[in-house]
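Structural overview
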Number of protein chains: 2
Amino acid sequence: MSLDAVLSRIDSDLPEAMDRLLDLLRIPSISTDPAFKQDCDRAADWLVADLNGLGVKTQKRTTPGHPMVVGHLDGDGPHLLFYGHYDVQPVDPLELWDRDPFDPQIEQTAKGQVIRGRGSSDDKGQLMTFIEACRAWKAVHGSLPCKLTFFLEGEEESGSPSLVPFMEENAEELKSDIALICDTGLFESKTPAIVTMLRGLLGEEITITGPDMDLHSGMYGGVAINPIRVMSRILASLHDDEGRITIPAFYDGVPELSDELEAQWQGLAFDHNTFLGDVGLSRPAGEQDRTPLEMIWSRPTCEINGIWGGYTGDGFKTVLPSKAQAKVSFRLVGDQDPLVIRENFRKMIRDMLPEDCEVSFGGHGASKASMTETENPAFDAARKALSDEWQVPAAYVGCGGSIPIAGFFQNILGTTPMLVGFGKDDDAIHSPNEKYDVESFHKGIRSWARILEALT
Amino acid sequence: MSLDAVLSRIDSDLPEAMDRLLDLLRIPSISTDPAFKQDCDRAADWLVADLNGLGVKTQKRTTPGHPMVVGHLDGDGPHLLFYGHYDVQPVDPLELWDRDPFDPQIEQTAKGQVIRGRGSSDDKGQLMTFIEACRAWKAVHGSLPCKLTFFLEGEEESGSPSLVPFMEENAEELKSDIALICDTGLFESKTPAIVTMLRGLLGEEITITGPDMDLHSGMYGGVAINPIRVMSRILASLHDDEGRITIPAFYDGVPELSDELEAQWQGLAFDHNTFLGDVGLSRPAGEQDRTPLEMIWSRPTCEINGIWGGYTGDGFKTVLPSKAQAKVSFRLVGDQDPLVIRENFRKMIRDMLPEDCEVSFGGHGASKASMTETENPAFDAARKALSDEWQVPAAYVGCGGSIPIAGFFQNILGTTPMLVGFGKDDDAIHSPNEKYDVESFHKGIRSWARILEALT
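Predicted model, so just to flag it, every value in this text is computed and none were measured.

Here is what the cut-offs are and how they apply
Residues numbered from 1 in each chain as written. Chains lettered and ligands numbered in written order. Predicted model: local features only at pLDDT ≥ 70, side-chain atom pairs only at ≥ 80, totals over all residues. Helix = DSSP H or I, 4+ residues; strand = E, 2+ residues; numbered from the N terminus. Rg over C-alpha atoms; globule rule 2.2 N^0.38 Å. Buried ≥ 20, exposed ≤ 12 C-beta atoms within 10 Å, placed from the backbone. Contact = placed C-beta atoms within 7 Å. Pairing = 2+ DSSP bridges. Axes fitted to C-alpha atoms, helices over the stretch in contact; angles between N-to-C directions. Least-squares fit on C-alpha atoms with pLDDT ≥ 70 in both. Domains from an automatic or database assignment. Nonpolar A, V, L, I, M, F, W, Y, C, P; charged D, E, K, R; others polar. Core = buried A, V, L, I, M, F, W, Y, C linked by C-beta atoms within 7 Å. Parallel < 35°, antiparallel > 145°, perpendicular 65-115°, else oblique. Left-handed = near helix turned anticlockwise from the far one by under 90°. Expected span 1.5 Å × (residues − 1). pLDDT = per-residue confidence, 0-100.

1. With respect to the overall build of chain A
- Regarding its fold elements, chain A presents 14 helices and 18 strands.
- Taken against the 2.2 N^0.38 rule, which gives 23 Å for 456 residues, the C-alpha radius of gyration of chain A at 23 Å falls within 12% of a compact globule.
- Seen through its principal axes, chain A has C-alpha atoms that stretch 80 × 50 × 50 Å.
- Expressed as a percentage of the 456 residues in chain A, the buried residues total 55%.
- Residue pairs in contact within chain A that sit at least 24 positions apart in sequence constitute 79% of those at least 6 positions apart.

2. Observations concerning the sheet that holds strand 5 (residues 112-116) of chain A
All names here are of chain A.
- A sheet is described by the order of its strands in space; here three strands give the open sequence 4-5-18, paired in antiparallel fashion. Two strands close off the open sheet at either side, each with one partner strand: strand 4 (105-109) and strand 18 (435-437). On average, each strand axis in the sheet is tilted by 35° relative to the strand beside it, whichever way the strands run.
- Note: strand 5 against strand 18, three bridges, orientation antiparallel. Among the inter-strand pairings, Ile115 is bridged to a residue of strand 18, identified as Tyr436.

3. Things to note about the relation of the copies chain A and chain B
- For the pair chain A and chain B, the best superposition has an RMSD of 0.1 Å and corresponds to a rotation of 180° with a translation of 0.0 Å parallel to the axis. Both copies are brought into coincidence by an operation consistent with a two-fold rotation axis.
- A high fraction, 100%, of the interface residues of chain A reappear at the interface in chain B, so the copies pair face to face through one surface.

4. Some details on unusual backbone geometry
Residue and element names in this part refer to chain A.
- Geometrically, the link from Asp92 to Pro93 is a cis peptide bond, its omega value of -5° lying close to zero.
- Residue position: Pro93 is located in the loop between strand 3 (79-85) and strand 4.
- Its identity as a non-glycine residue notwithstanding, Ser160 has a phi of 50°, on the positive side.
- If you trace the backbone, Ser160 turns up in the loop between strand 6 (147-153) and helix 4 (163-169).
- Overall, the presence of 25 C-beta atoms within 10 Å leaves Ser160 in the buried class.
- Even without being glycine, Asn433 reaches a positive phi, approximately 60°.
- Within the secondary structure layout, Asn433 lies in the loop between strand 17 (416-420) and strand 18.

5. A few points about the domain arrangement of chain A
Residues and elements named next belong to chain A.
- Under the domain assignment used here, chain A contains domain 1 (2-198 + 370-455) and domain 2 (200-256 + 283-367).
- Taking only C-alpha atoms, the centre of domain 1 and the centre of domain 2 are 33 Å apart.
- On the side of domain 2, ten residues touch domain 1, which itself brings eight residues to the contact.
- Of the residues assigned to the side of domain 1 that touches domain 2, the class counts are three nonpolar, five polar and no charged.

6. Some remarks on the environment of Ala406(A)
- Turning to its location among the elements, Ala406(A) is positioned in helix 13 (residues 405-413).
- Apart from the residues within four sequence positions on either side, Ala406(A) is in contact with Ile181(A), Leu198(A), Ser370(A), Thr372(A), Pro417(A) and Leu419(A).

7. Comments concerning the sheet that holds strand 14 (residues 358-367) of chain B
- The antiparallel open sheet is built from eight strands, whose spatial order is 14(A)-9(A)-13(A)-11(A)-11(B)-13(B)-9(B)-14(B). Strands at the two margins of the open sheet, each flanked by one partner only, are strand 14 (358-367) of chain A together with strand 14 of chain B. Ignoring which end each strand starts from, the neighbouring axes of this sheet average 20° apart.
- Two strands pair when backbone bridges link them, and strand 9 (residues 200-209) of chain B and strand 14 of chain B are joined in this way by nine bridges, in the antiparallel orientation. Paired with Leu201(B) across the two strands is Ser367(B), which belongs to strand 14 of chain B.
- Set on the sheet, helix 12 (residues 338-352) of chain B makes contact with strand 9, strand 13 (323-332) and strand 14 of chain B; between it and strand 14 of chain B the angle comes to about 165°.

8. A look at the environment of Ser2(A)
Residue and element names in this part refer to chain A.
- By secondary structure assignment, the location of Ser2 is in helix 1 (residues 2-25).
- Taking the number of C-beta atoms within 10 Å as the measure of exposure, Ser2 has 11 and is therefore exposed.
- Distance in space between the C-alpha atoms of Ser2 and Ile341 is 52 Å, their sequence separation being 339 residues.

9. Comments concerning the nonpolar core
- Leu180(A), Ile181(A), Ala224(A), Leu180(B), Ile181(B) and Ala224(B) are the most contacted members of the largest nonpolar core, which totals 258 residues.
- Residue contacts for Ile181(A): discarding those within four places in its chain leaves Tyr83(A), Ile403(A), Ile405(A), Ala406(A), Pro417(A), Met418(A) and Leu419(A).

10. Some thoughts on helix 7 (residues 227-236) of chain A
- Within helix 7 of chain A, eight of the ten residues are buried, which leaves the element mostly enclosed by the surrounding structure.
- Those residues of helix 7 of chain A not exposed but buried are Pro227(A), Ile228(A), Arg229(A), Val230(A), Met231(A), Ser232(A), Ile234(A) and Leu235(A).

11. Let's talk about the interface of chain A and chain B
- In this complex, chain A contributes 78 residues to the contact, which on the side of chain B involves 78 residues.
- Breaking the side of chain A that touches chain B down by element, the ones donating at least two residues are strand 10 (215-216), helix 6 (217-220), helix 7, helix 10 (292-297), strand 11 (301-310), strand 12 (319-320) and strand 13 (323-332) of chain A.
- Of the residues in the side of chain A that touches chain B, the class split is 29 nonpolar, 33 polar and 16 charged.
- As paired elements, strand 11 of chain A and strand 11 (residues 301-310) of chain B share five bridges and run antiparallel to each other. Among the inter-strand pairings, Gly309(A) is bridged to a residue of strand 11 of chain B, identified as Ile307(B).

12. Topic: the pairing of strand 8 (residues 193-198) of chain A
All names here are of chain A.
- Of all the six residues making up strand 8, six are buried; the element is thus mostly covered by neighbouring parts of the structure.
- As paired elements, strand 8 and strand 17 share two bridges and run antiparallel to each other. Bridging from a neighbouring strand, Ile194 pairs with Val420 of strand 17.
- With two bridges connecting them, strand 8 and strand 15 (residues 370-371) associate as antiparallel partners. Counted as the bridge partner of Met197 is Met371 from strand 15.

13. Digging into the packing of helix 1 (residues 2-12) of chain B against helix 15 (residues 438-455) of chain B
All names here are of chain B.
- In the contact formed by helix 1 and helix 15, the axes pass within 10 Å of each other and the chain directions differ by 160°. Between helix 1 and helix 15, the crossing angle belongs to the class labelled roughly antiparallel. For the pair helix 1 and helix 15, the crossing hand works out as right-handed. Contact with helix 1, carried on its side by Leu3, Val6, Leu7 and Ile10, involves Ile445, Arg446, Ala449, Arg450 and Glu453 of helix 15 and no other residues of that element.

14. Considerations on the packing of helix 2 (residues 14-25) of chain B against helix 4 (residues 124-141) of chain B
Residues and elements named next belong to chain B.
- Contact geometry of helix 2 with helix 4 gives a least axis separation of 10 Å together with a crossing angle of 140°. With respect to their mutual orientation, helix 2 and helix 4 come out oblique. Considering the relative orientation of helix 2 and helix 4, their crossing is right-handed. In this structure, helix 2 contributes Ala17, Arg20, Leu21, Leu24 and Leu25 to the contact, and helix 4 contributes Lys124, Gly125, Met128 and Glu132.
- Counted by class, the contact of helix 2 with helix 4 contains five nonpolar, one polar and three charged residues.

15. Some points on helix 4 of chain B
Residues and elements named next belong to chain B.
- Under the 1.5 Å per step criterion, the end-to-end length of helix 4 is 26 Å for 18 residues, consistent within 8% with the ideal 26 Å.
- Counting buried positions over the 18 residues of helix 4 gives 14, a clear majority of the element.
- Looking at the residues trailing helix 4, positive phi occurs at Gly142, about 85°.

16. Re the confidence of the model for chain A
- The predicted model of chain A averages 93 in pLDDT, with 100% of residues at 70 or higher.
- The ipTM assigned to the predicted complex is 0.72, against a pTM of 0.72.

17. Focus on the environment of Gly407(A)
Residues and elements named next belong to chain A.
- Take Gly407: it is sitting in helix 13.
- Linking Gly407 and Lys368, residues 39 residues apart in sequence, is a C-alpha distance of 7.7 Å.
- When sequence neighbours within four positions are dropped, the list of residues in contact with Gly407 reads Ser367, Lys368 and Ser370.

In structure tokens:
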């Protein structure tokens, strides 16, 4: 009876909950670009104020980077922690947005109402689903059903440099029974899912320098080494013709799927034609002897995220450039060691480098893959709560993305992470015109209310 | 005696001549960027006014692009035409300039005085050497020694799209006995040179599209095709391991050097260690079975002038981009046909393209190589005049750059082009901190006075 009252309250409060989310979305908290440092701070302040308004004792905690927001609420029952991140991805290419990314609005689309704006899905909208569930619960019951800790980060989109030191320094304060993490999605946009397999992430930036200044390709072309040509050869050699990554020892520690998981995944009947068709593609481009679901969930990858060098403006400039640069990232699985891979990757490039070129590297994050223990009865309880809300049996799934926080809870705090989220495949996170379905937001809030009830 | 008076006048007028050049250099006439259209116009106006002041009847002539400056002066003797260009290259990367590229100044360096600023060498400084020679001649003699036509272009750095139509429409007006072209350099920065062999130029812009929007590399990495990876493979395949260009039939029409020219070039004792050492390099990077002088003068090349795609800002963004783009240019020799090469290049790329990608092309200029007939006695006369001024025997040389105008004079007007210039290898044309030595400017003006005397 009391859960029904909370769910009703969520339904009737939805317009106000959306207004609050729009307010938070208006803050351009891009963590990777130093120009938005103050905005990240403002987003943290906004959350501190909102949580204190809920009676959660919350503070902004400084780090060498963007602040953490940490709040505590005493209570009986299990100790649950909630993690989300208030920072967002950059917005370029800005010209591909239909509107200002930080002037969010509710739009009616052919598939239903959506909340449009940077961060609507990743991760401000998801983060607010849990806070709104707590707000409704408190409005109905006057208090929350358990001891709660909020732990909100502002550097997730830029490699979380302050996260591990902060967790280590404040381990006692942050330890809890279950860490609820809301930064994932529904399976195929319709089936509620708890992610139990996450890929790790390693980011590398490469700068190759040839001549020590930009040259005229007429005067020097043909005799001076061109660093873009060198970069192209290096990047082209990272995969073989079958889509396998060629870095020495790269596949060390990559496990094969268990028969059980393989059977479960085949049961999901993943439709890769639709998954790829939604973005204008048709052919799985990874390792040709693997299924598409393996490519995105259980196999490691190497992707070039950016490349630049020479003249890139309008018209033509016959320059032979001094430098070429690229950003490359790896998704890691099983026991792959990011630091060993970094070393082998850099050595491979150094070995390929012509005598007249120099290379320098920058590292961006290095996290191992993680796998959750689902023996804890909380998982079955949460799965049932999700199934009740969505009227579809919830699934344990893998996730192509990297959410290193899950491994950190496990390894640093000994806390079991539980990843539940409501994003859809077409949310365009990290892309222009990011959106979050009002359905995701609404049923997401209701899902958390059900999970709170189930776990306490 | 009268030549001596002109040379003295040049010497005494040098400070004023430099002031006039600085004035012209202050106009940011970047032809390839539409933002500077008005500035190109202003540079043309400046030249019209200056030439009219010299008694040359000069007009700004409109084209679909930037205007031509055309002036005529009646007179006896042979009809000489002078060609130069008033447009300049873009200035990026701006942060590598030690000063505002369009706030030029005279600087004292270890190697002597230089005029620093965009266009100082290419081509405003060179262009003004001829105008200043005429100014001094007129000051001493009251008139010039021959019939003269000035033909100054504003689109040389952006592929000269209006040039051929303009020359064809105004062929009768522009026909002359010799076309003097000042857009080349000294040989090894010290030997006066007449360029008799020019490479052609073909520019191509490639856009490869994979997914129809930027994707999250965590969600799609490993299964969706990455257009930067495709671009890298294509660009890496344009040369084989020996530096040869792999486009089918690319070398059709590439001649071997005549024994005579080969002997003359060996006599020049080109020091490629210094040539490459000046820009921080040591190894000739072109076809490994060719000499460095062949690589830059008589062999065709393929250079990547620019590349871009994905996230190129600060920090990291794990995007799997929708597009990758590159600008590639070819230097052509002998009878290579730019249009056939363009077709073969595009076909080769289409053939390599994975099913899920699309490619589009943009063409930037397509000019054949050219070779000057030096039988005309004017060449020996000019060579002697140059040798007298520089006190070193002048040479007939090749040129790596592409100055299609030379071929146009030959083919459209039947006029013999003569390429004489005073740039040095370290002028950093097309690069940050472009300069022109005061020596080049001063002795360049004197050289033209001597050539005017020798040819009339």
